[in-house]
Amino acid sequence: MQDLAQAAYLTLGLALVGGYLLGSIPFGLIATRLGGAGDIRQIGSGNIGATNVLRSGRKDLAAITLLGDAGKGVVAVLLARWLTHDTPAIVALAGGAAFTGHLFPVWLKFRGGKGVATFYGVLLAAAWPIGVLAAATWLAVAFLFRISSLAALVAAAFAAPFALAADQPYPMLALSLFMAVLIFIRHKDNIGRLLKGQEPRIGKKKTAEPPTPAA
C-alpha cells in the first residue's frame, strides 16, 4: 500500500510540475526574438500571446505562437492521460497547471500571457466536446464583432455550461470554471476598455503600454 501511495504522489507531482513547466514556455517571446521581430513585451500591450504578436505585423509568428501556446496545453494533458490511464482528476490538474504556467511563467518572473490559446489546447485534449464548442463560440463572436478579447471572454464564460451540457466528469467542469475565472481576471483591463468602447479590433495595431504586472 505504501508503494502504491508513493507511486500516486509521484504521478501527481509529475503531472503538476510537468504541466506547469510546459505551460511556462513563452512561445510568443521565443518566436518574435528568433523571427527578428524583437521583444514582444515592447510591442502593443506587451502581452506574449498570439493576438499581441499579430500586432507586430508578422502573421507567421502569430500562427507559431498560437500553435505553441495551444500545443503545450495539449502535451501536458496527453502526458497526464498516459501516466494515469486517463484519470479525470489528474488530467484536469495537469491541464490547470499548464494553464497557470502560461499565465505565471517562472522564466519571465511570473509575468505571462492571458491564457486563451492554452485554454483551448487544454480543453481540446482533456474534454474535446467542451473545446470544440468553446472554439466555435470564439469564432462566431470574433466574426461578428472583430474583437478578440470579447470572443475569448464569451467562450470562457460558456465553457462550464458546455461541460454540463456535454455531461463531462466533474473534474472537467472544475477545470473549465478555474480557467474561465483566471481568464476574466487577466482580461480586467480589456473588460474596462470594452465597457468604454475602446477595445481595439482584430488586426489593428495598438500603441505600446506598460505590461500589467502579474498578480
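Structural data are supplied above this passage.
Residues numbered from 1 in each chain as written. Predicted model: local features only at pLDDT ≥ 70, side-chain atom pairs only at ≥ 80, totals over all residues. Heavy atoms only, no water.

Some words on the overall build of the protein
Worth spelling out the cut-off: Every helix listed is a DSSP run of H or I at least four residues long, and every strand listed is a run of E at least two residues long, numbered separately from the N terminus. For a compact globule the rule gives 2.2 Å times the number of residues to the power 0.38, and the radius of gyration it is set against comes from C-alpha atoms. Buried residues are those whose accessible area, probed at 1.4 Å on protein chains only, stays under 20% of the maximum for their type, while exposed residues exceed 50% and partly exposed ones sit between those limits. Surface accessibility follows the Shrake-Rupley procedure with a 1.4 Å probe radius. Residue values consider only the protein chains on display as shielding. When charges are counted, Lys and Arg contribute as positive and Asp and Glu as negative, whereas His and the chain ends are disregarded. Charge positions are represented by NZ for Lys, CZ for Arg, CG for Asp and CD for Glu.
Looking only at helices and strands, one finds 10 helices and zero strands in the protein. For the protein, the succession of helices and strands along the chain, N to C, is α-α-α-α-α-α-α-α-α-α. Since a compact globule built from 215 residues should have a radius of gyration of about 17 Å, the 17 Å found for the protein is in line with a globular shape. The buried share of the protein, taken over its 215 residues, is 45%. As displayed, the protein has an accessible area near 11,000 Å², and 70% of this comes from carbon and sulfur atoms. Considering the protein, the positive charge centre built from 19 side chains and the negative charge centre built from 9 side chains are found 12 Å apart.

Brief notes about the packing of aromatic side chains
Heads up, the condition is: The criterion for an aromatic pair is that two Phe, Tyr or Trp rings (for Trp, the six-membered ring) have centres within 6.5 Å, with stacked assigned to planes under 30 degrees apart, edge-to-face to planes over 60 apart and tilted to the rest.
Within the structure shown, the criterion is met by two aromatic pairs. Their ring planes at 70° and their centres at 5.0 Å tell us that Phe119 and Tyr120 sit as a pair that is edge-to-face. We note that Phe119, like Tyr120, is buried.

A word on helix α9 (residues 170–186)
The criterion, for reference: Given the number of residues in a helix, its expected span is that number minus one, multiplied by 1.5 Å. The contact criterion used throughout is that any non-hydrogen atoms of two residues lie within 4.5 Å.
With 17 residues, α9 should reach 24 Å at 1.5 Å per residue; the first-to-last C-alpha distance of 24 Å fits that figure. Those residues of α9 that fall on the buried side of the exposure criterion are Met172, Leu173, Leu175, Ser176, Met179, Ala180, Leu182, Ile183 and Arg186. Buried residues in α9 make contact with α5 (88–103), α6 (116–126), α7 (128–145), α8 (148–165) and α10 (188–196).

Thoughts on the environment of Tyr20
Worth spelling out the cut-off: We call two N or O atoms a polar contact when they sit within 3.5 Å, provided that within protein one can donate a hydrogen and the other can accept it, with sequence-adjacent residues counted only if both atoms are side-chain atoms.
Tracing the sequence through the fold places Tyr20 in helix α1 (residues 2–23). In this structure the C-alpha to C-alpha distance between Tyr20 and Phe99, which are 79 residues apart in sequence, comes to 7.4 Å. Those residues in contact with Tyr20 that lie beyond four places of it in its chain are Ala97, Ala98, Thr100, Gly101, Phe104, Pro105, Val106 and Phe110. Looking at Tyr20, its side chain comes within polar contact range of the main-chain oxygen of Phe104, at 2.6 Å.

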